[in-house]
Each structure stands twice: as structure tokens, then as C-alpha cells.
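Structural overview
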Amino acid sequence: MKTASVAALVILASAVLAMPASPDPSSDVPPEFYFTRMIYSGGRGGFYIGDSSPRLGQERTCASLEAGEGGGGGGGSWATDYPASDCKFMWGVERLTGVHVYDKTPHSVAIMDPELFRFPYLYVVEPGRMRLSDEEVTRLREYMLRGGFIHFDDFWGLGERENVEYELQRIFPDHPIRQLELKEEVFHTFFDVDKVVQIPNVSNGCNGGPTWERSDDTVPRIYGVSDDDGRLMTVITYNSDLGDAWEWMDRPCYPEVYSSQAYRMGINFIIYSMSH
Amino acid sequence: MSLFEFFFKYRPIVYEKGRLTFELLATKWLFIPIAALAVIVAIYFYRRVAKEKLSPGMIVLRSVAFIILLFMVLRPVLNVSQVLPQDSYMAVVIDTSESMNIKDDGETSRSQKLLKKMEESQFLAELSKRFKVRLFEFNKEARRFESTAELRFSGDRTRIEAPIELLSQEMGTLPLTGVTLITDGVDNASQQFNEAMSKLQKRKIPFYTVGVGSEDITRDAEVIKVTAPREMLKDSTAVVDVQFKSSGLSGKKAVIDVRENGTFVKTQDVTLTADNQVGEASIDVPVKNEGNQIFSFAIRVAEDRIAENNTLDSLITVRNDHPKILYVEGEPRWEYKFIRRSIVDDPNLVVESMLRSSQNKYYRQGIEDKATLEEGFPKKKEDLFGYSGIVVGSIESTFFSQEQLNMIVEFVSERGGGFLMLGGRNSFSSGRYQNTPIADILPVELLADRAMPVVDQVKLILTDRGRTHDLMRLSGDPATNNKIWGELPPLEDFNRVGDVKPGGVVLARGEPDKSGGTPILLAFQRYGRGRTMAFMTGSSWHWQMEMDHENQTHELFWKQMLRWLVSASPAAVTVTTDKDTYLPGEAVNITGDVADKTFKRLNNARVTARLTGPDGTNETLAMDWSGLQDGSYQTQVNASTKEGTYQLDLQAVVGTETIGSYKTAFQVKDRPVEFYDASLDAGNLRSIATQTGGRYYPLADMDDIPEDAIYVDGENAFTEQKELWDVPILFMMLVVLLSGEWLWRKRKGLA
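1. Here we look at the overall build of chain B
- Along the backbone of chain B there are 19 helices and 36 strands.
- Taking 751 residues into account, the globule formula puts the C-alpha radius of gyration at 27 Å, and chain B, at 38 Å, lies well above it.
- Taken along the three principal axes of its C-alpha coordinates, chain B extends 115 × 75 × 50 Å.
- Within chain B, buried positions represent 52% of all 751 residues.
- Put simply, of all contacts in chain B between residues at least 6 apart along the chain, 74% involve residues at least 24 apart.
- For chain B, the accessible area works out to roughly 33600 Å², and carbon and sulfur atoms hold 50% of it.
- Of the side-chain charges in chain B, 90 are positive and 103 negative, and the distance between the mean point of each set is 5 Å.

2. Describing the packing of helix α7 (residues 161–170) of chain B against helix α8 (residues 193–202) of chain B
All names here are of chain B.
- It is at 9 Å that the axes of α7 and α8 come closest, and there the two elements cross at 35°. In this structure, the crossing between α7 and α8 has a hand that is left-handed. Here α7 contributes Glu161, Ile164, Glu165, Leu167 and Ser168 to the contact with α8, which in turn contributes Phe193, Ala196, Met197, Lys199 and Leu200.
- Here the contact of α7 with α8 is built from residues that sort into six nonpolar, one polar and three charged.

3. Looking at the packing of helix α9 (residues 334–342) of chain B against helix α16 (residues 553–567) of chain B
Residues and elements named next belong to chain B.
- Running from N to C, α9 and α16 point in directions that differ by 85°, and their axes come no closer than 8 Å. Judged by the angle between their axes, α9 and α16 are roughly perpendicular. Counted together, Glu335, Phe338, Ile339 and Ser342 of α9 and His554, Glu555, Trp558, Lys559 and Leu562 of α16 form the full contact between these two elements.
- Each residue belonging to the contact of α9 with α16 can be placed in one class, and the counts come to four nonpolar, two polar and three charged.

4. Brief notes about the sheet that holds strand β27 (residues 573–577) of chain B
Residue and element names in this part refer to chain B.
- Strand order across the open sheet formed by eight strands is β27-β29-β32-β31-β30-β33-β34-β28, with mixed pairing between neighbours. With partners counted over all chains shown, the strands left at the sheet margins are β27 and β28 (581–582), one partner each.
- When β28 meets strand β34 (residues 657–668), the two strands line up parallel, connected through two bridges. If you follow tyrosine 582 over to β34, its bridge partner there is valine 668.

5. Quick look at unusual backbone geometry
- In this structure, the amide linkage connecting Tyr82(A) to the following residue, Pro83(A), adopts the cis form with an omega of -5°.
- At Asp154(A), a residue that is not glycine, the phi angle is positive and equals roughly 65°.
- By the secondary structure assignment, Asp154(A) is in the loop between β4 (149–153) and α4 (157–171).
- Positive phi, close to 50°, is recorded for Asn261(B), a residue that is not glycine.

6. Section: the interface of chain B and chain A
- Tallying the contact residues gives 32 residues for chain B and 35 residues for chain A.
- Interface area for chain B against chain A, summed over the two sides, is near 2900 Å², with a carbon-plus-sulfur share of 56%.
- Interface area lost by chain B to chain A is led by Trp334(B), Tyr363(B) and Met545(B), which between them contribute 25%.
- Where chain B touches chain A, the interface holds two salt bridges.
- A salt bridge links Glu492(B) to Arg118(A), with the nearest nitrogen and oxygen atoms 2.9 Å apart.
- Inspection of the region where chain B meets chain A yields 18 residue pairs in polar contact (both at pLDDT 80 or more).
- Contributions of two or more residues to the side of chain B that touches chain A are made by α9, β17 (350–358), β18 (361–365), β21 (454–458) and α15 (542–545) of chain B.

7. Digging into the nonpolar core
- Membership of the largest hydrophobic core comes to 114 residues, with the highest contact counts inside it found for Phe33(A), Leu420(B), Phe535(B) and Leu562(B).
- Formed by 48 residues, the second largest nonpolar core is a distinct cluster that contains Ala38(B), Val92(B), Leu151(B) and Tyr208(B).

8. Quick word on the packing of aromatic side chains
- Under the counting rule described, the total for this entry stands at 44 aromatic pairs over all chains.
- Ring plane angle 65° and centroid distance 5.3 Å describe the contact between Tyr34(A) and Phe119(A), whose orientation is recorded as edge-to-face. Note that Tyr34(A) is positioned in the loop between α1 (2–17) and β1 (36–39) and Phe119(A) in the loop between β2 (107–110) and β3 (121–125), a separation of 85 residues in sequence.
- Here the aromatic rings of Phe117(A) and Tyr143(A) are separated by 6.1 Å at their centres, their planes lie at 40°, and the arrangement is tilted. Placement of the pair is Phe117(A) in the loop between β2 and β3 and Tyr143(A) in helix α3 (residues 134–146), with a sequence separation of 26 residues. You'll find Phe117(A) and Tyr143(A) in the same group, each marked buried.
- The rings of Phe33(A), Phe35(A), Phe89(A), Tyr121(A), Tyr123(A), Phe149(A), Trp246(A), Tyr263(A), Tyr272(A), Trp334(B), Phe338(B) and Trp541(B) are connected pair by pair, giving a single aromatic cluster.
- For Arg146(A), the ring lying beneath its charged end belongs to Phe117(A), and the centroid distance is 3.9 Å.
- A cation sits over an aromatic face here: Arg671(B) above Tyr676(B), 4.1 Å from the ring centre.

9. Quick notes on the state of the cysteines
Residue and element names in this part refer to chain A.
- With the rule as written, the count across this model stands at two disulfides over all chains.
- Covalent S-S linkage joins cysteine 62 and cysteine 87, the inter-sulfur distance amounting to 2.0 Å. One disulfide, between cysteine 62 and cysteine 87, carries an S-S torsion of -75° and so falls in the left-handed class. In this pair, cysteine 62 sits in the loop between β1 and α2 (84–96) while cysteine 87 sits in helix α2, placing the two residues 25 residues apart along the sequence. Of the two residues, cysteine 62 and cysteine 87, neither departs from the other in class, the shared state being buried.
- Between the sulfur of cysteine 206 and that of cysteine 253 lies a disulfide, 1.8 Å long from S to S. With the S-S bond torsion at 65°, the cross-link from cysteine 206 to cysteine 253 turns out right-handed. Of this pair, cysteine 206 sits in helix α5 (residues 202–207) while cysteine 253 is found in the loop between α6 (242–247) and α7 (256–273), placing the two residues 47 residues apart along the sequence.
- For cysteine 206, a relative accessible area of 23% translates into the label partly exposed.
- Judged by its relative accessible area of 35%, cysteine 253 falls in the partly exposed class.

10. Considerations on α3(A)
- In this model, α3(A) (13 residues) spans 19 Å end to end at C-alpha, consistent with the 18 Å of a helix rising 1.5 Å per residue.
- Downstream of α3(A) by one or two residues, Gly147(A) has phi in the positive range, about 135°.

11. Here we look at the pairing of β17(B)
Residue and element names in this part refer to chain B.
- Of all the nine residues making up β17, eight are buried; the element is thus mostly covered by neighbouring parts of the structure.
- Relative to β17, strand β16 (residues 324–329) is paired through six bridges, and the arrangement is parallel. The residue of β17 that forms the bridge with lysine 324 is valine 350.
- Running through α9, the crossover from β16 to the neighbouring parallel element β17 is right-handed.

12. Considering the confidence of the model for chain B
- Within chain B, residue pLDDT values average 91, and 98% of them lie at 70 or more.
- The ipTM, which scores confidence in the relative placement of chains, is 0.89 for this predicted complex, and the corresponding pTM is 0.78.

13. Brief notes about the sheet that holds β16(B)
Residue and element names in this part refer to chain B.
- As summarised here, the arrangement of the nine strands in space is β18-β17-β16-β19-β20-β26-β25-β24-β22, forming an open sheet in which the pairing is mixed. Both edges of this open sheet fall to β18 and β22 (460–462), since each of them pairs with a single strand only. Taking each pair of neighbouring strands and ignoring which way they run, the sheet shows an average axis angle of 15°.
- In this fold α9 packs onto β16, β17, β18, β20 (418–422) and β26 (530–535), with an angle of close to 160° to the strand it touches most, β17.

The rules behind each value
Residues numbered from 1 in each chain as written. Chains lettered and ligands numbered in written order. Predicted model: local features only at pLDDT ≥ 70, side-chain atom pairs only at ≥ 80, totals over all residues. Heavy atoms only, no water. Helix = DSSP H or I, 4+ residues; strand = E, 2+ residues; numbered from the N terminus. Rg over C-alpha atoms; globule rule 2.2 N^0.38 Å. Buried < 20%, exposed > 50% of the residue type's maximum accessible area, 1.4 Å probe, protein only. Contact = heavy atoms within 4.5 Å. Areas by Shrake-Rupley, 256 points an atom, 1.4 Å probe, with all protein chains shown as cover. Lys, Arg positive; Asp, Glu negative; His and termini not counted. Charge placed at Lys NZ, Arg CZ, Asp CG, Glu CD. Axes fitted to C-alpha atoms, helices over the stretch in contact; angles between N-to-C directions. Left-handed = near helix turned anticlockwise from the far one by under 90°. Nonpolar A, V, L, I, M, F, W, Y, C, P; charged D, E, K, R; others polar. Parallel < 35°, antiparallel > 145°, perpendicular 65-115°, else oblique. Pairing = 2+ DSSP bridges. Buried area = accessible area lost by both parts, 1.4 Å probe. Salt bridge = Lys/Arg side-chain N within 4 Å of Asp/Glu carboxyl O. Polar contact = N/O pair within 3.5 Å; in protein donor to acceptor, adjacent residues only side chain to side chain. Core = buried A, V, L, I, M, F, W, Y, C linked by side-chain atoms within 4.5 Å. Phe/Tyr/Trp six-rings, centres within 6.5 Å; stacked < 30°, edge-to-face > 60°. Lys NZ or Arg CZ within 6 Å of the ring centre and 35° of its normal. Disulfide = S-S within 2.5 Å. Expected span 1.5 Å × (residues − 1). Right-handed = clockwise from strand over helix to strand, strands pointing away. pLDDT = per-residue confidence, 0-100.

This is the structure we're talking about:
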């Protein structure tokens, strides 16, 4: 069993980390998809980066990451798992799908950045600590109503959940947050996901203990908010940490089952956002 | 006595009809050499006297005077034929159609003016002194009448050939000297006028035509033509062209009211053009209600004197069809998402898409049946031809087999489908389509080399053609439309292509780049029975993400693009009529097109059309293969006299199998043609008069006819000689010439 898991991990890592076999002439064309990390205020030691502040990630390139490397992004809750998570996930998307991704450096944008609307997909990590200004609330509502898509990930327990619900209800008082059913299209756009697996952080994953972080609510659930046409504008992975799974997918102790599931879910969300 | 008679002694018609001779000359042509000789002699003797003081002017004066004198001495006469009083007949034919009720001056109708003139001039009495008068009235048909009190002026057509036919019948053997035809000249119903006229022309019967009415009706605006699509998809916008003209109202503001089955829809302001120049308004008409809808277009302006010509109808069949579009995309990209998103609430369009999400992995959307597109892009004609349109995104040409590429070409040329290629890194030349059959059907030339898309911001600019084309109409108001297009964010990439092909139309270009070039961004062309489009960018999604979510420009643009793509795609079995509106009794030409599922046209089908009238009565018409075109069946029926909407249901059967069916409709409606182009057509009346050896008279001069009409050739005529030597003008000219010449000589010291 362990041998099989290691073998699967090696294969997955190879798929993700191997460079393309031959150069593609069309690679001169800018990429279509940017995995864009949304910068927000709030969180542990976090700071708000306004329009004039440089974005993080411009100092690191994905190619400079070492095997098994993770963490080190700093900058606040929004930067959790940055940049390894972003880079490794994008490598996987590039290898496994036909999405033409940007994988040179991590990419982030602040809510009030004028460039926000040029990136119709956003990733928000640790939204349990997120604090939105009124201006940001209006902005995000506009973003999603225009067709933008946001994946909220990595928040645990009732306290953080309450914060996420509060912020989302400020954005969409007229659209309820609902739990998604596995028969819904978002779980079948690329892979068929037939169960909700709790994706633990790297510590819990490697130590083999409980996969949850907060004892007051340990069950993983996936929520969403749909627009008037039934299109999901946001997917919320509660009590799971997909970001850690992408970040540590090449750490031997981190179980492949979680990494695989995280890639499957993440890719499904991307394909969904690019087709709905 | 008129001024002409005062100077010339006789009426103009005497000079027109008379033949000049000289009683002292064997032939009138001798006058010329005699006059020339006399002039030479006179000049000779003149010169002997005047010598160096002689001037050419003096010579001319004396010569002309000499000629006149010679003319008078030689006893000139006009030999003119005229009839004996009461020895022949004169037919008086009066137009009693509705147009005679028009009040050209806004106060008195044409018929009133006519009757008043006839009474004041005692026209019929004066005619009766010279002729045996027969009275006829006509509009659509002609009949005799006895008294003007019987006349009603209510005919809905004017057929000038009608009285001519009647005259040929009733007066064929009588000595008919002439015909006085009193009308406003507008003939809207004759079909064999020339044939009818030739019978009377052989008898050399002159027509004295009297024009009633004004050649320029003041203060009238009329709708003269409405051009609308015959069929529309529900919840579309029909672009209807309304042509109008006016007289006496140039530059004034008017409105065109649009009604649907009598219910007000909208109004549009127009400015009336110069007199009798055709103006045109292009009106966006929303079509929301399924079925056969009558749209009426009425022009309204203050001071308009004739209301009967203000409205024209058009029948549009609004279908609640669901044309299917197949969209093939080679990679997940934002353009794909936002195109699908833009038409999600379109109740009619069905977009079945296959997105290549990975090598050999496809994500299908918009399908109802799980088996649809399971095998990938259709390999059989009947599968592909079930679509009305194909959209190809960023996918390389090698994705398709050669058979599939050929099938796509046939889809457009034979099936009549629509084809659209979008820009992208695997589109056009960068997708290596340049040496494939697809290159032939695109409206633009492809570059020979594989050219990657240009990645740069480019603003889309409408061409002149684009500014007026339905497809690019995001607002019914041209100024607003231009503003909307101008405010769109720039695109981010485009594929370079070559020139537009002959027959292709460029609707949009990029604003000039650094080298001054304006790349083509959107073009289309007709190809075979279908149409093809090329939209050279994959970044129109920025028009959605970078504009307020309530702005519907992006959605509207794509709905229009895709609806237009399929709007002309026919069904396998269709039926049409040559017009949407017919006059009662007019011939209705019905054409059916029959093909099977692969759009192979069939000549062996049994085709019938059931015609159902507004009262529910119906008849079944058999349609025969036309013999001229594969799959084309025809028949003809005369429109009923009953006005209303008529439905045609066509069915095509081969053996026991029903191939298909289709419905269409037309309306029968009488049109008050008397009030269209209702100005006096004096030209037509002059032509009739000239052809027959008669004369044209304005109404005011009508009383000259009794005197003029006696001068005719013919069996019952005699020749009268009218002397000309004592014509007053000759004496006057002599006095003037001789006086003038004497004064000149006196000045020169010769007198």
C-alpha cells in the first residue's frame, strides 16, 4: 500500500514537475489563465497592500523553487502557502489540461487594483481572517456579477466560517450560500469527483493524526453562491486546505490521496470557471 | 378671341393642322428660289444707290420686308380639314376614380373643379353644336352615362384602357371624330394599354386629353415602400426599411408610427426630403410574438392633405424556432466562457459546444442527449447538417479530418448553414487553415505563413458598412450606436489576415497601428447558400469584464452575432411566396424547396400546400417540380378577393415517408392605389395626345376643345382654305421693318 502510494506520488510529481518535452511556438502568445491570489486585509500580522504597493511574488520565480520546498511567502493570511502552492498547482494544470497557464511567477492582485477585472479567476486563502471594506464588498460583488469566479479555501471551524459567511452575505445579501451537491456540474467538468475528501494541512497530513484543525466543526463541506442563471460565482472549500496539498504535493510524507483530490478539485473549479 | 388669334387671325390648331400652299404657285417650294432671287435683285439695286454707306443690317431689314411682301402677293392659304357640324361623333370620357376627390389646394376637389369648369364654359353644349356627343365615365371599368349628375367619383382603380376598349366596341362603326379624355392621368390598373390604343390609332382618332389636378400635389407625405424580412426568430429585432416621399413639406419633421396588429409599438422621427425625392428610414422593430404578425408603418406630419397614402403593412412570420449551433473550442479560454454566458438567457438559440479541455478530452455543454457529440465532431452529414451554424474557436486545422473539412464547406455551400471562425492562437493561419478547404469559404484571405496572433491593445472601429449593418446595431439610434461602440474597451489580441475577398464585407477594423495599418477584425460573406464570418479576436470578453455588469453590450453583441449567423439557414423543407402582401385577385407564386436530412435536394417528392384563408376555409394545392432547379416545386394561385391573412402549410412526402413540412403566410389587402403617386400625370396625357394626333389641354383651357376638335382629317371632313395674306402680324412686321429701314437710311444720310 505504502509502496503503491509512493509510486503514485512519484508519478504525480513527475507529471507536475517535469518540463514540457518540446517548445511550443504558440508559447509566444501570452497565457490565457493566471492563477490569481486575491490580496485582502486582515489575518495574522497581515497588511493591506494598496494600489501603490508592489505585489509579492515578483521576487520569486516558479523555476527557482526547489523540490519539496514550500512556505516562506509572508505578507499576511492572504499569502498563506505562497508561492509554492501557486506554482506547483499551475504546473499540474498545465500538464494535465489544455489550459494555457502562466507559470513563470506567482500572481496576485489587490481587490481595488484597476487590473482586477482582467483576471476572471481569483483564489482566496484563509478567508476566515478576511476583513473587507465597504468599497471592497461592492467591488467583489461587481466582479462576480460580471462573470468573475472566486475560490475560497482553507478556513476551519465555526468561528472562521461565521466570518466567511458574514463577508459573503455583505457581498451578496440577495444570493444565499448553499452547500453543493456532488451531482453538480462543478464536480464533473474535468474529473468526476464522487466524494468530498477532507484535505488536511501539511502537518496533519504528514503526522497521520486528525485531518481537521478545529474541533467545533470537523466535517468538510463545499459551498457555493450562484447567480440568477444558476452559475456558480464562487466555490468555498470549508474545513479543507487545498492550498497546502498543492504546496506540499512533492513532500514524501504528505499523502498522495489528498494531493490528488486537491488537484482534481482545483482543476475542476478552473475548468468550470472557464466554461460557465 | 385669344391673343394668338388677334395676331395670327386663326387658332393655333389651324396652323398645326393646315397645309400651306400659294394660289399663284404650282408648289409652295417655288417660293424659296423666287424669294432668294428677289432678294438678290433688291440688294443689287440697293447697293447701286447706297454704295459705301450700305450696311448688312439695312440689307437684312429690306430683304425680310421684301420676302414678306412677296409672301403676301403670292396669295398664301392654309388648307385645313374640318368636319361638318353634327356629322360625326365626339366621345367625352370622364375619370370617376377616387383620386378625383383629391383637393390639391386643400379646398376644392378635382371633380368639383371639373364640373364647375364644364358648367361655366358650357362645354358639353358647345361640343354638341359641332358634334354628336357620347358621354362615358370610367375607373376600373367604363360605361356610358347621360348626365353629369350621375357621376360618383368612387372607383378604386384607374384603368385608362377600359374606355378605349369600350369605345372600340360601341363606336367601332360610327364616324368617331375624336375623344375628349378628362382625367388626372394616373393609370394604375391597365395591363394592355398599348394594344387597346393601337385599335383606335388605326382609325386615326385624335385624343384631346384634359389634365385635372396638380402636377405637384402640395402638402402630401406618403409611404411608398416597406422592406421587411419575411421571417424572424422570436425575440429578435427586425430591421425594416421604410421609404417615403413628400411634396410641399420639404424639411419638415414627421414621425413614422409602427403598429403590430393595430397595437402601437414605437415611433421614429424622420425629416422629409426635398419634393418627390425618396427618403428612407431604417427602423428597429422588436418581434416578440410568435405567429404571423402584421406590422404597419404610417407616416404622420401636420398639414398632410392626403391621409389615404400614409400607411403600408408588412407581414412578418415570427418563429419560435430553436436553431442549433455547434461550437468547437480547442482550449479552455475566457472567450469561450463569456460567449456561452452571453447567450444563456436567449430563449431560442441552442449552442451545443465541445471544449477540448485536454488532449483527447472534451467537455460538452448545452446538450440534451448524453449521446450528442460523444464521438466528437460529427462525421456524418445528417449529424452535422442538423445544425444551423458552426463556430470554430482556437483549434488547429489538423483536429479535423479531410472529410470533416470538406463537410464543413458543404455545410455552408449546400446546406446553407452559417460558419464563424474566432481568433486565437490556433485560428486562421496560426491554426494552419491556409491550405485547407476552410480557407476557401472564409471571407478573408489567409496569410501564407503561420502567423501568431498579435498581442496588443486594439480598439475596434466600425467601417462605413458596419455602421449601417444590422449585425452591428446595438442601438436603433445611429449616434447612440456609434457612442456605444466607441466606449468599448480595446481588444487585447487579433489574428492578422490578408485582404477581404471580393464579395466579402468588412464590418470592423482595428484603429490604425504605428504603421498606419487598420487590421480587419470582423468580416462576412455569402458562400453558396450560406454565409461565413471571421472575427479575428479571442478577447471580446474584455467587453464584459471591464464594463459594469448591468451593461448588456457584450451580451447583445453575441446574441446578434449568433442569431445573424443562423438567420438565413433554411430548413430542409421550406415554402415561400414571392411577396408578403397581395392585392385582391393578384397572382400568388408559391415555391417549395424539398431536401432530405443531408440537404440533398429531391425531385421525386409529392408536395402539397394547404391554403387556409382568414375565415378558415381551405384548399389543397398540388405543387409540381419546377424542372429548373433541383428540389424546387411551384404552383400559382390567384389571391382571393377576401382580405386577410392566408396560411400555407406545405408537406413533402416520398413514398410513405414524410420528408418534412413548413408553414408560411401572406396577406391579401387592397391598397388605396388611387392616392399613391396621385399627382396629375400630364406627361402621360401629352403622350396619348401626341400618339393619336390630338392635343393636351390643362383644365383651364378645356373650353378650346370644341373649336379645335373640328379640325381633323377623315372621311367626314372637308377641306377649307384659309387665306393668310391678310394676317395682321404680316402687316405689323412690314410696318416695323420698313420704318426701321427708313430710319436707318436717314441716319446714314441715304434718305
